[in-house]
Amino acid sequence: MIPSQLTKVNGSSLPSNAAPVLKETQPQSLSVEYVVLKTLFFAVIATTGLIGNGLVLATVVRLRKVRAPCDLLVASICTADLGVSIFTASLRVFEVYYGLVIGEVMCFILVPLQDVFTSVSVVTHTVIAVYQYRAVASPFDAKTSEKKVKRYLVVIWITCYLTTGASIMFFLSYDPVKGCHVTFASGTHRMWYQILLVLSFITFPLFIQCAAYVGVICKLRTKNAFQQSHRLPNRISDERLQQSKRLVKILMIMLLAFNLCYLPRGVIMMIKQFAPRASSSVEFGYVNLITLAMFYIKSIINPFILIARSKRFRSNLRVFRRQ
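Residues numbered from 1 in each chain as written. Predicted model: local features only at pLDDT ≥ 70, side-chain atom pairs only at ≥ 80, totals over all residues. Heavy atoms only, no water.

If you look the protein chain up in an unreviewed UniProt entry, it shows as Neuromedin-U receptor 2 from Acropora cervicornis.

Undergrad: Describe the UniProt feature "transmembrane region" (unreviewed entry) in the protein chain, and please don't skip the residues or the numbers.
TA: On the UniProt side, "transmembrane region" (unreviewed entry) is annotated at positions that read residues 40-60, 72-94, 100-131, 152-172, 192-216, 247-265 and 285-308 here. Secondary structure over residues 72-94 splits into 100% helix and 0% strand, and the C-alpha atoms at its two ends are 32 Å apart. Along residues 192-216, the helical share is 100% and the strand share 0%, with 34 Å between the first and last C-alpha atoms. (UniProt positions renumbered as here; feature names shortened; annotations may be inferred. Helix = DSSP H or I, 4+ residues; strand = E, 2+ residues; numbered from the N terminus.)

Undergrad: Could you give an account of helix H4 (residues 146-169), with specific residues and numbers?
TA: Given a rise of 1.5 Å per residue, 24 residues ought to cover 34 Å, and the 33 Å separating the end C-alpha atoms of H4 matches this to within 8%. The axis of H4 is deflected most strongly, by about 35°, at Tyr161. Of all the positions in H4, only Val149, Leu153, Ile156, Cys160, Thr164, Gly165, Ala166, Ser167 and Ile168 are classed as buried. (Expected span 1.5 Å × (residues − 1). Bend = angle between axes of the 7 residues up to and from the residue. Buried < 20%, exposed > 50% of the residue type's maximum accessible area, 1.4 Å probe, protein only.)

Undergrad: Account for the pattern of salt bridges, naming residues and giving values.
TA: Evaluation of the coordinates by the stated rule reveals 2 salt bridges. Among the ionic pairs, Arg312 bridges to Asp71, the shortest N-O distance being 2.6 Å. Residue Arg312 is found in helix H9 (residues 311-322), and its partner Asp71 is found in helix H2 (residues 69-98); the two are separated by 241 residues along the sequence. Arg312 gets classed as partly exposed once you look at its relative accessible area, which sits at 39%. With a shortest N-O distance of 3.5 Å, Glu146 and Lys150 are connected by a salt bridge. Remark: Lys150 and Glu146 occur in helix H4; sequence separation between them is 4 residues, near one turn of the helix. On the basis of relative accessible area, Glu146 is assigned to the partly exposed category, the value being 25%. (Salt bridge = Lys/Arg side-chain N within 4 Å of Asp/Glu carboxyl O.)

Rendered as structure tokens:
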């Protein structure tokens, strides 16, 4: 099989047609500048993601007394981003120089994990949106305990592994010379697999996320209007409302940043599938590279958002540093 026949499943799957798959067959197609820039880019992604997401996780783990159930959900996203930084970004650097000749065992471990990390982030963002709507719409209901949130996270990770990681193993092939690649029995199988991924991890989650946060905003506005119209002198209630607003803003910024970096990659992959002629142009190649870069940038932005927008996280971070 020649490199042009290798199949990508989605934005996180390797190999990428933006980089060589086989060192033996395509070294002449890469300029020195491209190799250097790609190496530097993914080295920065790996280092920044490791430090930033590691710091968030360490803060959440160490400060158990002050963490909320939502903190565990954010920590799950950071765990997935940390996996992207450690495994996927590092593998991209390795790919530049050696291709995906990584050994059969590592092929069936690392390549599926890339899709697992992405799907975990998508599903967890969706769960956070639903969780916030429930918290705002029914504030007097029994709150979700930390123990229950941990169960949710276990279910999320197992489900994502079975639906994306384990499923892609059926299409993985490994050759000692050609390396690791995804092969479908036919173009139809590939098309339906991509459609299923788009529906499961882009369309449906995006609809639920938008509906949940629109509901949250409407509920918060209703509560705010009620307090102002009745001029209720309840300082505690007002502080809780303001805290809810700040938390929702932070979570919405994180979700917006994630989707801005994630969705373009899904669009590009669908164009490749259903409009192959359009995807063969030079301009499309540059767009492909940009969306690939954005796809990896999403794994390092959450720590910056938390530091910039969350006073509570900054306070917890200072406490953690003093310990």
